[in-house]
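Understanding the architecture of this molecule
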Amino acid sequence: MTTRLRLVRAQRLLKVQEQMRSLAERDLADARAKAAGIEADRAALLTTLAGETMQGLFLDAASRRLRGLASEATEIAATSTRLSEILRARGLAEKRTARQAECLAKLRTHEREQYALQEQLDLMVARAGHAPD
């Protein structure tokens, strides 16, 4: 496979990895927003419970809701941790591919320079061969 084709493939791979990282960033931001929403709901419910004297059914419902919010918060925290690791891995893969594409671009430039020098040398040899003595 030529260097040009390898470079084109590396650049396409880099674009795909950038998109994957972007999606992972969006997913992580969504998870963090959900966690913030759950925390706000929990704080509001605790403020309501602290400010009023409640009895019976409302107290039981509030207690169940708090347990549900705690469960959701635990799930979202685990999801956020997992998404953070995915985002980190995708970022590292993107950096590796970017370095590879950069090296391939340098190699391609070097090959072009070598080809141009070889052509100039061939022209000089051809002229020297046709020059009158």
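The following refers to the structure shown.

Cut-offs applied
Residues numbered from 1 in each chain as written. Predicted model: local features only at pLDDT ≥ 70, side-chain atom pairs only at ≥ 80, totals over all residues. Heavy atoms only, no water. Helix = DSSP H or I, 4+ residues; strand = E, 2+ residues; numbered from the N terminus. Rg over C-alpha atoms; globule rule 2.2 N^0.38 Å. Buried < 20%, exposed > 50% of the residue type's maximum accessible area, 1.4 Å probe, protein only. Contact = heavy atoms within 4.5 Å. Areas by Shrake-Rupley, 256 points an atom, 1.4 Å probe, with all protein chains shown as cover. Salt bridge = Lys/Arg side-chain N within 4 Å of Asp/Glu carboxyl O. Core = buried A, V, L, I, M, F, W, Y, C linked by side-chain atoms within 4.5 Å. Patch = residues over 30% accessible without salt bridge, like charges linked within 9 Å, V, L, I, M, F, W, Y side chains within 5 Å.

**Section: the overall build of the protein chain**
The secondary structure content of the protein chain amounts to two helices and zero strands. Here the protein chain has a C-alpha radius of gyration of 31 Å; the compact-globule value for 133 residues is 14 Å, and the former is much larger. Dimensions of the protein chain, computed from C-alpha atoms along their principal axes, come out at roughly 115 × 25 × 15 Å. Relative to its 133 residues, the protein chain shows a buried fraction of 18%. Partitioning the intrachain contacts of the protein chain with sequence separation of at least 6 by distance along the chain shows that 84% fall at a separation of at least 24. Working note: accessible area of the protein chain is about 10,100 Å², and carbon and sulfur atoms make up 57% of it.

**A short note on the pattern of salt bridges**
Scanning the entire structure with this criterion turns up seven salt bridges. Notably, a salt bridge pairs Arg26 with Asp27, separated by 3.0 Å at the nearest N-O pair. Among the residues examined, Arg26 registers a relative accessible area of 46% and is labelled partly exposed. The class for Asp27 is partly exposed, based on a relative accessible area of 29%. Measuring nitrogen to oxygen at the nearest pair gives 3.8 Å for the salt bridge that ties Asp41 to Arg65. In this pair, Asp41 is assigned in helix α1 (residues 3-51) and Arg65 in helix α2 (residues 56-130), connecting sequence segments 24 residues apart. Its relative accessible area of 40% is what places Asp41 among the partly exposed residues. Under the relative-accessibility criterion, Arg65 is labelled partly exposed at 40%. Where salt bridges share partners, they join Arg21, Glu25 and Glu94 into one cluster.

**Description of the nonpolar core**
Counting residues in hydrophobic clusters, the biggest one holds five residues: Ala24, Leu28, Ala31, Leu83 and Leu87. Where this core is concerned, the elements lending two or more residues are α1 and α2. With three residues, the top contributor of residues to this core is α1. Residues within four places of Leu28 in sequence aside, it is in contact with Ser80, Leu83, Ser84 and Leu87.

**Points about the side chain of Gln17**
Tracing the sequence through the fold places Gln17 in helix α1. Residue classification places Gln17 among the buried residues on the basis of a relative accessible area of 13%. Residues within four places of Gln17 in sequence aside, it is in contact with Ala93, Glu94 and Thr97.

**Comments concerning a nonpolar patch on the surface**
A surface patch of nonpolar side chains, about 300 Å² in accessible area, is lined by Leu121, Met124 and Val125. Tracing the backbone shows Leu121 in helix α2.

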